[in-house]
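Examination of the molecular architecture
The lines below spell out each chain.
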Amino acid sequence: MNNLFLMVPKMATDDYVGFTFFVGCMAMMAAAVFFFFSINSVDRKWRTSILVSGLITFIAAVHYYYMRDYWASTQESPTFFRYVDWILTVPLMCVEFYLILKVAGATKKLLWTLIGASVVMLVTGYFGEAVYVESAAMWGLISGLAYFYIVYLIMFGEAKALATKAGGNVLNAHNMLCKFVLIGWAIYPLGYMIGTASGQWYSFMGNLGIDMNVVYNIGDAINKIGFGLVVYSLAVASSKEVA
Ligand SMILES: *C/C=C(C)/C=C/C=C(C)/C=C/C1=C(C)CCCC1(C)C
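These lines cover the structure that appears in this document, whether it is placed above or below. (Residues numbered from 1 in each chain as written. Predicted model: local features only at pLDDT ≥ 70, side-chain atom pairs only at ≥ 80, totals over all residues. Heavy atoms only, no water.)

Checked against the element boundaries, H174 lands in helix α8 (residues 168-184). Excluding residues that lie within four positions of it along the chain, H174 makes contacts with F97, L101, I154, A159, K160 and A163. (Helix = DSSP H or I, 4+ residues; strand = E, 2+ residues; numbered from the N terminus. Contact = heavy atoms within 4.5 Å.)

Right, here's the structure in full:
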């Protein structure tokens, strides 16, 4: 009877996926509160950047709340919620690059190029993970090309040139965000290969005994919260300079 009203699913003590969903949810919530409350402590021109950091972690917190529940009640991967989260938050991370580089003259065109590449990366990833599972390797490759295009733009292309022009704190923050994209984002293709290993040339990835969701959850915590903290540090450092 109680169960009808209190639908709390059981959670095994060795359910590492469920554990990382819970911790991820709480961490995203805490980070969102932190960023939202920090908005007024930085210089006006950095407030939108901090707001976006808050939105990224807030959107993730809501999706983690659902994913945590989905996993706890079905023990299946919440692929749909995962990709809805990414399709909203990854473009917002592109917005962060744009906002930081605006002082050096970043154009809307650069912003939309980054957003376009990130959408291609995620949509093709979704096709490989959820729709055309037998051709996961091919979709993963296309997704990977879009990913490398983003890396190219921020580390060697137009965005890099703008960051160099801006110099100082902006260049430092840009370089740090680049490291997140190059190293932090590279966690995701590993999760993808683990999750789609069956019948592919990388089928050995399925025998590692690691769950795709644990990899994705660790990646999200590092990238969403870490990325936001880099932006926060830049805003605090630059606000001090002015005062
Ligand atoms: C907050 C969420 C973030 C930063 C998500 C990032 C996701 C990726 C960088 C995903 C990349 C993928 C590939 C490069 C190839 C395989 C398919 C994906 C979508 C997992």
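Quick look at the packing of helix α4 (residues 79-101) against α8 now. Packing of α4 against α8 leaves a shortest axis separation of 10 Å and a crossing angle of 165°. Relative to α8, the element α4 lies roughly antiparallel. Where α4 crosses over α8, the two elements pack in a sense that is left-handed. Residue-level inspection shows F97, I100 and L101 of α4 in contact with α8, the latter providing V170, H174, L177, C178 and V181. Its residues assigned to classes, the contact of α4 with α8 shows seven nonpolar, one polar and no charged. (Axes fitted to C-alpha atoms, helices over the stretch in contact; angles between N-to-C directions. Parallel < 35°, antiparallel > 145°, perpendicular 65-115°, else oblique. Left-handed = near helix turned anticlockwise from the far one by under 90°. Nonpolar A, V, L, I, M, F, W, Y, C, P; charged D, E, K, R; others polar.)

The immediate surroundings of the ligand are formed by 17 residues, with W86, M121, S143, Y188 and K224 found nearest. Secondary-structure elements contributing two or more residues to the shell around the ligand are α4, α5 (108-131), α6 (136-155), α9 (187-195) and α10 (212-242). The class makeup of the residues in the shell around the ligand is eleven nonpolar, four polar and two charged. (Near = heavy atom within 4 Å.)

Now for the packing of aromatic side chains. Throughout the structure, instances matching the rule amount to 21 aromatic pairs. On the basis of an interplanar angle of 70° and a centroid distance of 5.2 Å, the ring pair of Y83 and Y126 is categorised as edge-to-face. Taken together, the positions of Y83 in helix α4 and Y126 in helix α5 put the pair 43 residues apart, joining distant regions of the chain. For Y126, a relative accessible area of 26% puts it in the partly exposed group. (Phe/Tyr/Trp six-rings, centres within 6.5 Å; stacked < 30°, edge-to-face > 60°. Buried < 20%, exposed > 50% of the residue type's maximum accessible area, 1.4 Å probe, protein only.)

A word on the packing of α6 against α8. Look at α6 against α8: their axes get within 10 Å of each other, and the N-to-C directions meet at 165°. With respect to their mutual orientation, α6 and α8 come out roughly antiparallel. With respect to the hand of their crossing, α6 and α8 are arranged in left-handed fashion. Of the residues in α8, those in contact with Y147, I150, V151, I154 and M155 of α6 are H174, C178, V181 and L182. When grouped by side-chain class, the residues that make up the contact of α6 with α8 number eight nonpolar, one polar and no charged.

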